[in-house]
Amino acid sequence: MPDTLHLINPATETLIQAVPIDDGTTIAQKAQRAHMAQPSWANRPLSDRIEILQRFRDRLVQEGDRLAALLTSETGKPITQSFNELRATPSRIDFFLRHTALVMEPVIMHRDPATDVIPGTAALEEVVTYEPLGVIANISAWNYPYFVGTNVFIPALLTGNTVLYKPSEFATLTGLAIAELLYEVGVPNDVFIPVIGGGVAGAALLNQPLQGVFFTGSHATGLKIAAAAAQQLTRVQLELGGKDPAYVCEDVSVSTVAAALADGAFYNNGQSCCAVERIYVHQHIYDAFIEAFMEAVKGFQLGDPTDAATYLGPVSRKPQLAELQRQVDDAVQKGARLLCGGARVDRPGWYFAPTVLVNVNHEMAVMRDETFGPVIGIQKVASDNEAIALMNDTAYGLTAAVYTPDRPRAVNILSRVRSGTAYWNCCDRVSPYLPWTGRGQSGFGSTLSLDGIRSFVQPRAWHLRQSY
Ligand code: NAD
């Protein structure tokens, strides 16, 4: 009998379903199938693969309500936000459908005509073509399974790779639903294969021969993934956590910016890699900002995630409650002041009250460690230089935001902050046109954008002489 994974609804703490887990043997069989299937998938015309994945994109739209409900049941994400994720995924897929041909196009880099350069020599062409990597592992996170999943497996499949897809153990049903839809629209079932389980299954997957490992998850797991991939010199890409700062200058309209940043910090219960994790506010507007921020937070409705009015549901993983409490207690013990929240909510489910901390400083874990929950620290600063120093005082480097009407000032500040993404007057947003990439502990490599398609191909250099 295979081991089973017990899928628990974070809002009710009840069992949704038990699903069988893959072990080393079944994972090896799946890897073998993916290897056998890869050449013929890659040999199909790109137009075929585009057509198939266009149908997948359309089915996601048609199945939006059902899939959103499933996502909410296993992650606790409020239903409106689950639906938002599903509604935004097709436009990302569209980007890949439209741009993969451009990336796969052979490029003639150099040509020596036979007679023009050295009379009597042969014509020479130097050409670059782009080929799939082969079989790739896509080890994924639960917080935005459609976004972070499709960012990888759609361009991987379009460019001719086969995919061993390990959904997070906290978004397993969503992973299986994705596989079903892909098969339904014509992706062969050896071309995209789910691998079910947690860290043990993920580690066993990395023991298989692979040509690429694409990981989205925490820094701690990222270190293990990189070490395992190094054993086979497998190409590896890591999209890890963040400690994303936002700096509010003194020249903004305070209430609008406070509301935008409250949403950036608390949307999806703060469980976004690019959630605003710490806020620095210029001292001239600090008091007004805090007042407006608290107004916005008071407006967030906490409750049953299946209710369309709910903005804050439970956190998705039970152990995260202890980590949130650790960060709050550490901050309070070191002199922070709690303006709201600070503890678990007394009701069934893994609810943590939205928490705002002021009088914070960088001695506190809440301003340096990834929080990944509904907790935010807000710190007063006296100058742009102080804000820049604090924004850079982290090992992470995913995103950073500056709010001011003054574009040169924002660009100047952001260019001095170490981050893969720079936001002027916005935060917590992702665009398919731009690379999603990190610095430092936030990882390396890119998804999305043309760079995020190139991640799944390798160049071949052709030296072509007309005659010898
Ligand atoms: P996690 O690191 O706990 O797990 C991620 C995946 O790795 C899961 O599928 C898990 O089963 C698997 N895994 C765990 N141990 C493994 C091992 N030893 N070998 C192979 N696989 C293993 O992360 P999570 O809780 O799923 O996601 C939250 C984290 O992901 C946060 O840190 C968040 O910031 C980050 N994240 C980053 C991005 C980004 O684009 N940069 C996007 C979403 C989430």
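Values in this document were obtained by computation on a predicted structure and should not be read as measured data.

J.: Please give an account of the sheet that holds strand β3 (residues 107-112) that cites residues and values.
T.: Read across the sheet, three strands follow the order β3-β4-β20 without closing on themselves; strand pairing throughout is antiparallel. Lying at the two open borders of the sheet, with one neighbouring strand each, are β3 and β20 (457-465). Each neighbouring strand pair of the sheet contributes to a mean axis angle of 20°, computed without reference to strand direction.

J.: If you had to explain the site of the ligand to someone new, which residues and values would you point to?
T.: Around the ligand lies a shell of 31 residues, among which E169, S218, T221, L240 and E370 are the nearest. Residue A203 places a main-chain N or O atom 3.4 Å away from a nitrogen atom belonging to the ligand. Taking T221, its side chain carries an N or O atom lying 2.7 Å from an oxygen atom of the ligand. Burial of the ligand by the protein amounts to 91% of the accessible area it has alone, namely 850 Å². Within the residue set of the shell around the ligand, elements represented by two or more residues are α7 (199-205), β8 (212-216) and α8 (219-231).

J.: Break down the UniProt feature "active site" (unreviewed entry) in the chain for me, with residues and values.
T.: The UniProt record annotates "active site" (unreviewed entry) at E239. Relative to the helices and strands, E239 resides in strand β9 (residues 235-239). E239 sits in the buried class, given a relative accessible area of 10%.

J.: Provide a residue-level description of the packing of aromatic side chains, including the pertinent values.
T.: Overall, the coordinates contain 14 aromatic pairs when judged by the stated rule. Taking 6.1 Å as the distance between ring centres and 65° as the angle between the ring planes, the aromatic pair formed by F56 and F153 counts as edge-to-face. Within this pair, whereas F56 is found in helix α2 (residues 46-62), its partner F153 is found in helix α5 (residues 145-158), the two being separated by 97 residues in sequence. When its relative accessible area of 0% is taken as the criterion, F56 is described as buried. Consider the rings of F95 and F96, whose centres lie 5.8 Å apart with planes at 75°: the pair is edge-to-face.

J.: Can you lay out the domain arrangement of the chain for me, pointing to particular residues and giving the numbers?
T.: Here the chain is partitioned into domain 1 (4-240 + 442-465) and domain 2 (245-431). Relative to domain 2, the C-alpha centre of domain 1 lies at a distance of 31 Å. If you look at the interface, domain 1 gives 22 residues, while domain 2 gives 28 residues. In total, about 2200 Å² of surface goes out of reach between domain 1 and domain 2, with carbon and sulfur atoms giving 54% of it. Summed over the three residues of domain 1 that lose the most area to domain 2, namely Q81, W142 and S442, the buried surface amounts to 25% of that side. On inspection of domain 1 and its partner domain 2, the count reaches one salt bridge. With a shortest N-O distance of 3.8 Å, R344 and E13 are connected by a salt bridge. Taken together, the connections running from domain 1 to domain 2 amount to 14 residue pairs in polar contact (both at pLDDT 80 or more).

J.: Which residues make up the packing of α2 against α5, and what are the values?
T.: Two elements in contact, α2 and α5, have axes separated by 10 Å at closest approach and are oriented at 160°. Here α2 is positioned roughly antiparallel relative to α5, judged by the angle of their axes. For the pair α2 and α5, the crossing hand works out as right-handed. Across the interface between the two elements, L46, R49, I50, L53, F56 and L60 from α2 touch Y146, T150, F153, I154, L157 and L158 from α5.

J.: Could you give an account of the pattern of salt bridges, naming the residues involved and the relevant values?
T.: Tallying each qualifying case throughout the model produces 24 salt bridges. K243 is the partner of E277 in a salt bridge, and the nearest nitrogen-oxygen pair spans 2.8 Å. Note that E277 is positioned in the loop between α9 (254-266) and β11 (278-282) and K243 in the loop between β9 and β10 (245-248), a separation of 34 residues in sequence. Classification of E277 as buried rests on a relative accessible area of 2%.

J.: Quick one: what's the story with the sheet that holds strand β5 (residues 135-139), residue by residue and with numbers?
T.: Taken in spatial order, the six strands line up as β7-β6-β5-β8-β9-β18 in an open sheet, and their pairing is mixed. Each end of this open sheet is capped by a strand with a single partner; those strands are β7 (192-194) and β18 (443-444). In the sheet, strand β6 (residues 162-166) pairs with β7 via three bridges, with the strands oriented parallel. Opposite Y165, over in β7, you have P194 as the bridge partner. The strands touched by helix α6 (residues 172-184) within the sheet are β6 and β7, with β7 carrying the most contacts at an inclination of about 155°.

J.: Lay out unusual backbone geometry in plain terms, naming residues and giving numbers.
T.: Backbone geometry places N268, a non-glycine residue, at a positive phi of 55°. Position of N268 among the secondary structure elements: in the loop between α9 and β11. The buried category is assigned to N268, whose relative accessible area is 4%.

Basis of the calculations
- Residues numbered from 1 in each chain as written.
- Predicted model: local features only at pLDDT ≥ 70, side-chain atom pairs only at ≥ 80, totals over all residues.
- Heavy atoms only, no water.
- Pairing = 2+ DSSP bridges.
- Helix = DSSP H or I, 4+ residues; strand = E, 2+ residues; numbered from the N terminus.
- Axes fitted to C-alpha atoms, helices over the stretch in contact; angles between N-to-C directions.
- Near = heavy atom within 4 Å.
- Polar contact = N/O pair within 3.5 Å; in protein donor to acceptor, adjacent residues only side chain to side chain.
- Areas by Shrake-Rupley, 256 points an atom, 1.4 Å probe, with all protein chains shown as cover.
- UniProt positions renumbered as here; feature names shortened; annotations may be inferred.
- Buried < 20%, exposed > 50% of the residue type's maximum accessible area, 1.4 Å probe, protein only.
- Phe/Tyr/Trp six-rings, centres within 6.5 Å; stacked < 30°, edge-to-face > 60°.
- Domains from an automatic or database assignment.
- Contact = heavy atoms within 4.5 Å.
- Buried area = accessible area lost by both parts, 1.4 Å probe.
- Salt bridge = Lys/Arg side-chain N within 4 Å of Asp/Glu carboxyl O.
- Parallel < 35°, antiparallel > 145°, perpendicular 65-115°, else oblique.
- Left-handed = near helix turned anticlockwise from the far one by under 90°.

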